[in-house]
Amino acid sequence: MRKFLIRRFFAGILSILAATAIVFGLSRAAGDPLLLYAKPGGYGVTPEQEQALKEKLRLDKPLIVQYLLWLTDLLQGDFGKTLLAEQEVTKVIGDKMGATVQLAVASWVLATIMGVPLGILSAVLRGSVWDYLGRGFALIGQSLPTFWLGLMMILLFNTRLDWLPFGTRGSGESFFLSWDNLRYFILPSFAVAWGAAAVYLRLTRSAMLEVLDSEFVKLARSKGVGGTTIIWKHAFRNALIPPLTVSSLMMAGLITGSVVIEVVFSWPGLGRLAVQAVQDNDFPILTATVLFFASVFVFVNFITDVLYALIDPRIRY
Amino acid sequence: MAIESTTRETASVQTDSEPVARQWRFTPAYLWYVVRRWPIIPAVILAVLVITGVFADQLAPYDENENDLRFRNAPPRIFNTNSEYWDNAADLSQALFTPGDTAGAIKDPSNRYILGADHAGRDVLSRIIHGARISLVVTSVALFSGLILGVTIGVVSGYYGGIVDEILMRMVDIWYAVPFLLLAMVAVIIFEASLNLIIVLLILLAWSGYVRNLRGEVLSLKERDYVASARVNGASTFRIIAKHLLPGLVNTIFVIASLRVGQLILAEASLSFLGAGIPGPTPAWGVLIADGREYVGSAWWQTVFPGTAIFLVVLAFNFLGDWVRDRLDPRLRQLD
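Residues numbered from 1 in each chain as written. Chains lettered and ligands numbered in written order. Predicted model: local features only at pLDDT ≥ 70, side-chain atom pairs only at ≥ 80, totals over all residues. Heavy atoms only, no water.

Details of the overall build of chain B
Which entries qualify depends on this criterion: Only DSSP runs of H or I with at least four residues qualify as helices, and only runs of E with at least two residues qualify as strands; both kinds are numbered from the N terminus onward. Using a 1.4 Å probe on the protein chains alone, a residue whose accessible area is under 20% of its type maximum counts as buried, one over 50% counts as exposed, and one in between counts as partly exposed. Every residue pair with non-hydrogen atoms within 4.5 Å of one another is taken to be in contact. Each accessible area is a Shrake-Rupley estimate made with a 1.4 Å probe; only the visible protein chains count as cover when residues are assessed.
Scanning chain B for helices and strands turns up 14 helices and 0 strands. The order of α-helices and β-strands along chain B, N terminus first, is α-α-α-α-α-α-α-α-α-α-α-α-α-α. Looking at the 336 residues of chain B, the share that counts as buried comes to 50%. A separation of at least 24 residues holds for 74% of the contacts in chain B among residues at least 6 apart in sequence. Summed over its atoms, the accessible surface of chain B is roughly 16,000 Å², and 62% of this surface lies on carbon and sulfur atoms.

Structure, rendered in structure tokens:
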């Protein structure tokens, strides 16, 4: 298992490197990379500044050297400065990171507590009304555009009914888990979570059905083990493996979803920052955001691999 | 229409085996049985999508970019609602323009702004109808190009094995770790948003789903006796792949493709919504929602109707994908 984890660790590092290579390649693919930082005839770029930029980007050196030096900068935490406000990119990202992580975690928790129990219910009561409701819930969740769901929830629960706020994430003065704070989370995290809950539901349901149909459950039944014990002790534990393995893939979905949802709800996080950066042509911010998300994704993937190997002793790599 | 005739055909076939329906063919219970067995409702939705996409110019009551600022944010006219607004509007246009000035009066008031107008006074219905065409073109081009790319890589990886397989599979792993939406935004900042760019991006999203499954299938198929005997008989690699392996993969390819369409439509809509997809004023559905976003409180029709269109189409594709999978390849149940 140790060998497997070491291999996965290096695969993760390779993935992050590949992400930097893709971003770097793209930035050099569009003709003059200087234009990414300063549009021709743009405001306030003096010849001296242009010269400084050229030196910073090391355009006189060969491409591979440019990439390696840039990578060294990144490893030292030097992501450059934002173009508009001329702040350190790392500081801007650090300021916004908390909001995004909070939203993603809230959505993930919500998706799990909606998806997994509904999936079990759906499998145990297969063919009943509950099963149809659960599957309908999943099918709708997978088909709704996240950003539109967010807008519709704003329309219904904020504009029409005036039940829940949106637009910021509260004053941050009150206690973290207080209603005053949490009510800002309800709409955005539900909008992100529905699609993820749908995936959890379908996976849990099919895994549960498979386990309930297996020989060892039949044996337990024939020995006279009660229904509840079978469901929770025999079936549930085994049925948890597929949902767990997709958790990392789900993280990608949550990140994508939260980028869009942050725009809809004016949530002060990384996703909104990235979209703003696209509109402002702020390349350094976008680079850093992409690399940050890629690293998070690789990290979560690695954790999942570890958990996977721990939970299912049958798996030997 | 085609859909109606197929419905009727299936109905008559089913009546032979259905004793309940013999007395009266269309009992509610029987109709429910047919609807549950065959994906009729999704098929109708998709037929409507294709027809509106192909005949958008003929079906749309107005040009998708023609605007009339007097009717900014005009409410929808369906079900004869909002008649007060529209009575006033008729008076307004009479008062503002001299009698006989047909250009200034409301053109054909019976079908103008059936689904309301957007913030620039453009007909929402016409824009949705033209949006169907864009959705159709973008999704189908991306789906088929991605399919060809993904199938090729999957088959090559499985068939050749060894170092080729290793390299290609690591590529897929790495690709899964890159946040697609953000990468698309990087591409947009560099190349400027355009229709071609979004198609390329969607192809890059579409290919990866096929590789792992097809590689696995090829690994088992290539060990079969009939492939071995083809090789002994001197068939070329290309012939073996095209004639002996691909036919066995068709079901899997079809299932994965049908489950993938919905995701592509959603990705396109999300990118367009973020301003990183199809540039406005092209009436892609995501663009319509982005345009109407600021007015969601005061003019809900600008976002509700295009969003419903996306939702119904993706729902239909997902439903159809599930149905196709259950029919063709129950082993892929774990896929989603």
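Focus on the overall build of chain A
Of regular secondary structure, chain A possesses 13 helices and 0 strands. Along its sequence from the N terminus, chain A presents helices and strands in the succession α-α-α-α-α-α-α-α-α-α-α-α-α. The burial tally for chain A puts 45% of its 317 residues in the buried class. Taking the contacts inside chain A whose residues are at least 6 apart along the sequence as the reference set, 73% of them involve residues at least 24 apart. Here chain A has roughly 16,100 Å² of accessible surface; of this, 64% comes from carbon and sulfur atoms.

Quick look at the interface of chain B and chain A
Put simply, the test is: Basic side-chain nitrogens of Lys or Arg form a salt bridge, by our definition, when they fall within 4 Å of a carboxyl oxygen of Asp or Glu. N or O atoms closer than or at 3.5 Å make up a polar contact, with two conditions inside protein: a donor-capable atom paired with an acceptor-capable one, and, for residues adjacent in sequence, both atoms drawn from side chains. Charged residues are taken to be Asp, Glu, Lys and Arg, nonpolar residues to be Ala, Val, Leu, Ile, Met, Phe, Trp, Tyr, Cys and Pro, and polar residues to be all remaining types, Gly included.
Listed per partner, the contact involves 44 residues of chain B and 52 residues of chain A. Summed over the shared surface of chain B and chain A, the result is 1 salt bridge. One salt bridge connects A:Arg202 with B:Asp322, and the closest N-O pair in it is separated by 2.9 Å. Applying the counting criterion to the chain B and chain A interface returns 4 residue pairs in polar contact (both at pLDDT 80 or more). Here the side of chain B that touches chain A gets 12 residues from one element, more than from any other, and that element is helix H14 (residues 301–328) of chain B. Taken together, the residues of the side of chain B that touches chain A sort by class into 29 nonpolar, 7 polar and 8 charged.

Observations concerning the nonpolar core
Rules: Nonpolar core, defined: a set of buried Ala, Val, Leu, Ile, Met, Phe, Trp, Tyr and Cys residues in which side-chain atoms within 4.5 Å join the residues together.
Counting residues in hydrophobic clusters, the biggest one holds 156 residues, and the most contacted among them are A:Phe147, B:Met185, B:Tyr210, B:Phe273, B:Leu274, B:Trp285 and B:Ile310. When residues in this core are grouped by element, the largest group, 15 residues, is from helix H12 (residues 237–273) of chain B. Those residues in contact with B:Tyr210 that lie beyond four places of it in its chain are B:Leu143, B:Gly146, B:Leu147, B:Gly150, B:Val151, B:Ile253, B:Ile256 and B:Ala257. Grouped together as the second largest cluster of nonpolar side chains are 14 residues, A:Ala207, A:Val211, A:Ile230 and A:Ala239 included.

Brief notes about the environment of B:Ile45
Residue and element names in this part refer to chain B. Its location among the elements puts Ile45 in helix H3 (residues 40–54). A C-alpha to C-alpha distance of 11 Å links Ile45 and Ile310, two positions 265 residues apart in sequence. The residues touching Ile45, leaving out its near neighbours within four places in the chain, are Leu312, Val313 and Ala316.

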